[in-house]
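Spelled out from the first residue to the last, the chains are:
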Amino acid sequence: MLSFVPQIIKSFKTKSIKDVSELTLFQICAGSTLWIVYGIHLKDFIIIIANVVTLITLTALLVLYVRYRRRVK
């Protein structure tokens, strides 16, 4: 759930996202979203909450990616 927090911290401190794969971020976001939908279908709050937390951390990293991507060259 929180595996992207170190990358978020590093990206924020260095103002660089050169180590981040955009494709991987979008794939993991899509997977987490599908797990949320599945959790809603099962009415399983553990699945829902775990993947919402993951999606929040990924969204933070995506925001940094969009913010700092112009600096990569």
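This text goes with the structure placed above it.
Residues numbered from 1 in each chain as written. Predicted model: local features only at pLDDT ≥ 70, side-chain atom pairs only at ≥ 80, totals over all residues. Heavy atoms only, no water.

## Section: the pattern of salt bridges
Item 1. Scanning the model with the defined rule gives one salt bridge in all.
Item 2. Notably, a salt bridge pairs D19 with K10, separated by 2.4 Å at the nearest N-O pair.
Item 3. In this structure D19 comes out as partly exposed when scored by relative accessible area, which is 46%. (Salt bridge = Lys/Arg side-chain N within 4 Å of Asp/Glu carboxyl O. Buried < 20%, exposed > 50% of the residue type's maximum accessible area, 1.4 Å probe, protein only.)

## Remarks on the environment of A30
Item 1. Within the secondary structure, A30 sits in helix α2 (residues 22–42).
Item 2. Exposure remark for A30: the relative accessible area of 39% places this residue in the partly exposed category. (Helix = DSSP H or I, 4+ residues; strand = E, 2+ residues; numbered from the N terminus.)

## Side note on the packing of helix α1 (residues 5–14) against helix α3 (residues 45–68)
Item 1. Contact pair α1 / α3: the axes reach a minimum separation of 9 Å and the direction vectors enclose 25 degrees. The angle between the axes of α1 and α3 places the two elements in the roughly parallel class. In this structure, α1 crosses over α3, and the sense of that crossing is left-handed. Residues V5, Q7, I8, S11 and F12 of α1 touch α3, and the partners they reach there are T57, A60, L61, L64 and Y68.
Item 2. When the residues that make up the contact of α1 with α3 are grouped by side-chain class, the tally is seven nonpolar, three polar and no charged. (Axes fitted to C-alpha atoms, helices over the stretch in contact; angles between N-to-C directions. Parallel < 35°, antiparallel > 145°, perpendicular 65-115°, else oblique. Left-handed = near helix turned anticlockwise from the far one by under 90°. Contact = heavy atoms within 4.5 Å. Nonpolar A, V, L, I, M, F, W, Y, C, P; charged D, E, K, R; others polar.)

## Some points on the environment of T54
Item 1. Mapped onto the fold, T54 is located in helix α3.
Item 2. Note: C-alpha distance between T54 and R70 (16 residues apart in sequence) is 25 Å.

## Examining a nonpolar patch on the surface
Item 1. A surface patch of nonpolar side chains, about 320 Å² in accessible area, is lined by W35, Y38 and L42.
Item 2. Since its relative accessible area comes to 45%, W35 is described here as partly exposed. (Patch = residues over 30% accessible without salt bridge, like charges linked within 9 Å, V, L, I, M, F, W, Y side chains within 5 Å. Areas by Shrake-Rupley, 256 points an atom, 1.4 Å probe, with all protein chains shown as cover.)

## Quick word on unusual backbone geometry
Item 1. Backbone geometry at K15 places phi at a positive 55 degrees, although glycine is not the residue there.
Item 2. Relative to the helices and strands, K15 resides in the loop between α1 and α2.
Item 3. A positive phi angle, near 60 degrees, is found at K43, a position not held by glycine.
Item 4. With respect to the helices, strands and loops of the structure, K43 is situated in the loop between α2 and α3.
Item 5. K43 sits in the exposed class, given a relative accessible area of 68%.

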